[in-house]
Amino acid sequence: MLIYKLLNDIKGEKYRGFISYCLEHSTYFSLTFHQAKEKKCTLTHELNSYIYKKYETYSWYCYKTYEKPLYIKLFYSNIALTDTLVKYFESIFHNKTDGIEDICFFYDESLMFCSVTHEYIGNLVLSGENELVYFQKFAKWDKYNFTPRDYEFYPDFKKFL
């Protein structure tokens, strides 16, 4: 497993291309919802037919909460959602939009890309260096070495399926 850190935000047409590529090459994507605003959001209604699962967890990618759980929704990936996601989020590191943030993409049971919007964290998780070429046209990436502490915050995606 190779980790590459996003060095700059992805915006504009590069963002559209990145989202499109990820939706086309992933099985699922997730979003973190802040429960108080979740029901008011029109994005929720637009994504409803793609919901795979909803769950609460105290640990997610780069997160560990103690007081209240994170509310995660997992959706089936579909390239047809590109326009919807671009309409609601103008970049990877957008400000909270209706209480929604932190898009992550998964290929089968493996993490492919993950973000923590408010911390400006975005990481690719690839099985080989040759895969990086597909993502370099959207942004600059730098190899990142996971520490033992990082693995504490790495989601065990299999338990959520």
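To start, this report covers the structure provided alongside it. Note that the structure is predicted; figures quoted are calculated from it, not measured.

### Re the pattern of salt bridges
Reasoning step 1: Considering all chains together, one arrives at 3 salt bridges under this definition.
Reasoning step 2: Here K87 and E46 are joined by a salt bridge, their closest N and O atoms 3.1 Å apart. Placement of K87 in helix α4 (residues 82-88) and of E46 in helix α3 (residues 42-47) is noted, with a sequence separation of 41 residues between them.
Reasoning step 3: Since its relative accessible area comes to 55%, K87 is described here as exposed.

### Some words on the environment of L47
Reasoning step 1: With respect to the helices, strands and loops of the structure, L47 is situated in helix α3.
Reasoning step 2: Note: C-alpha distance between L47 and Y76 (29 residues apart in sequence) is 9.5 Å.
Reasoning step 3: Sequence-distant contacts of L47, defined by excluding residues within four places in its chain, comprise F29, L31, F75, L81 and T84.

### Examining empty space enclosed by the protein
Reasoning step 1: With the rule as written, the count across this model stands at 1 cavity of 30 Å³ or more.
Reasoning step 2: Taken as a whole, the largest cavity encloses approximately 30 Å³ of empty space.
Reasoning step 3: Lining the largest cavity, in full, are Y15, F89, S91, I92, H94 and I103.

Rules and cut-offs
Residues numbered from 1 in each chain as written. Predicted model: local features only at pLDDT ≥ 70, side-chain atom pairs only at ≥ 80, totals over all residues. Heavy atoms only, no water. Salt bridge = Lys/Arg side-chain N within 4 Å of Asp/Glu carboxyl O. Helix = DSSP H or I, 4+ residues; strand = E, 2+ residues; numbered from the N terminus. Buried < 20%, exposed > 50% of the residue type's maximum accessible area, 1.4 Å probe, protein only. Contact = heavy atoms within 4.5 Å. 1 Å grid on protein atoms, 1.4 Å probe; cavity = no way out; pocket = protein on both sides within 12 Å on 5 of 7 lines; lining within 4 Å. Points joined across faces, edges and corners; volume = space filled by probe spheres on them.

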